[in-house]
Amino acid sequence: MAEPTSRSDTDHGTPPGMPRWVKVAAIFVGFLLLLFVVLQLTGIGGEHGPGRHMSGDTTPTVGTPAVQNAPAAAVIG
Amino acid sequence: MPPRLRKAVLTTHVMTSVGWLGAVLAYLALDVTAVVSTDVDRVRAAYVAMDVTITYAIVPLALAAVIIGIVNALGTSWGLFRHYWVLVKLLLTLVATTVLLLEARTIRSLAEAAGSGADPRDLPGSLPHSIGGLVVLLIVTILSIYKPRGLTRYGWRKQQERQGRQREESSALAA
């Protein structure tokens, strides 16, 4: 990682605003989180977290106690 | 940080980060096999291999990448909170690592279930998480290479302080 060099757009007397790419990324992540919450609330997305992987009538029960105690994973992507 | 040490830390950081990405790609291949294949033995072996890969390759590489990445950032003038791209990269890496640690327990249970003698083709796999993890790591890699510009308020303040010190030193030398 090369050391940063001073850039002309940061030399002004006032603090720089948030770059556009950060704003766009924040909106996108917010949209994904909102979508996740809506899917969870409506039940369309089913149960999230380790418990979902072990649910189902034909699924073997080995290891389920530990899984049921596991916290729900956060959503990414 | 002395230049030689800085280079060693950077090399280790790149190796662990890229290794993490490669290990996730290998994991994804196993995950797809576990979900798609109709061969019972192959699916069973895929789940066991997923557990081994996540436990002995992905989790150690992820933890090493996070820790060495933080050391690397703090040891250079990039800092950890001065540039948006470093901050975003840190947040994404921390989220990915947290989900990974939680997911590792699930994969252990799936591998145990697959090895219990029941039909492993009924198990659901973990494709959403492995694809999501891969996307996050690709974004992190792109950020590291392109380093999109943008100082945080903290970074701007630090830069002003440094420039102020440099100006004082210059005028002291000139006087």
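As the structure is a computational prediction, the values presented were derived from the model and not from experiment. (Residues numbered from 1 in each chain as written. Chains lettered and ligands numbered in written order. Predicted model: local features only at pLDDT ≥ 70, side-chain atom pairs only at ≥ 80, totals over all residues. Heavy atoms only, no water.)

What follows deals with the overall build of chain B. Secondary structure assignment for chain B yields five helices and zero strands. Ordered by position from N to C terminus, the α and β elements of chain B give α-α-α-α-α. By the compact-globule yardstick of 16 Å for 175 residues, chain B is too spread out, its C-alpha radius of gyration being 22 Å. For chain B, with 175 residues in total, the buried portion stands at 43%. Taking the contacts inside chain B whose residues are at least 6 apart along the sequence as the reference set, 78% of them involve residues at least 24 apart. As presented, chain B carries roughly 9,000 Å² of accessible surface, and 66% of it is formed by carbon and sulfur atoms. Side chains of chain B give 18 positive and 11 negative charges; the mean places of these two sets differ by 18 Å. (Helix = DSSP H or I, 4+ residues; strand = E, 2+ residues; numbered from the N terminus. Rg over C-alpha atoms; globule rule 2.2 N^0.38 Å. Buried < 20%, exposed > 50% of the residue type's maximum accessible area, 1.4 Å probe, protein only. Contact = heavy atoms within 4.5 Å. Areas by Shrake-Rupley, 256 points an atom, 1.4 Å probe, with all protein chains shown as cover. Lys, Arg positive; Asp, Glu negative; His and termini not counted. Charge placed at Lys NZ, Arg CZ, Asp CG, Glu CD.)

Let us now look at the confidence of the model for chain B. Across chain B, pLDDT averages 93, with 100% of residues at or above 70. For this predicted complex, the interface confidence reaches an ipTM of 0.75, while the overall pTM sits at 0.79. (pLDDT = per-residue confidence, 0-100.)

We now examine the pattern of salt bridges. Residue and element names in this part refer to chain B. Taken as a whole, this structure holds three salt bridges over all chains when the rule is applied. Between Arg 121 and Asp 119 there is a salt bridge whose closest N-O contact spans 3.0 Å. Judged by relative accessible area, which is 39%, Arg 121 ranks as partly exposed. Close ionic contact of Glu 161 with Lys 158 constitutes a salt bridge, the shortest N to O distance being 3.9 Å. Of this pair, Glu 161 and Lys 158 both sit in helix 5 (residues 153-174), three residues apart, which is roughly one turn of the helix. On the basis of relative accessibility, which here comes to 40%, the residue Glu 161 falls in the partly exposed class. (Salt bridge = Lys/Arg side-chain N within 4 Å of Asp/Glu carboxyl O.)

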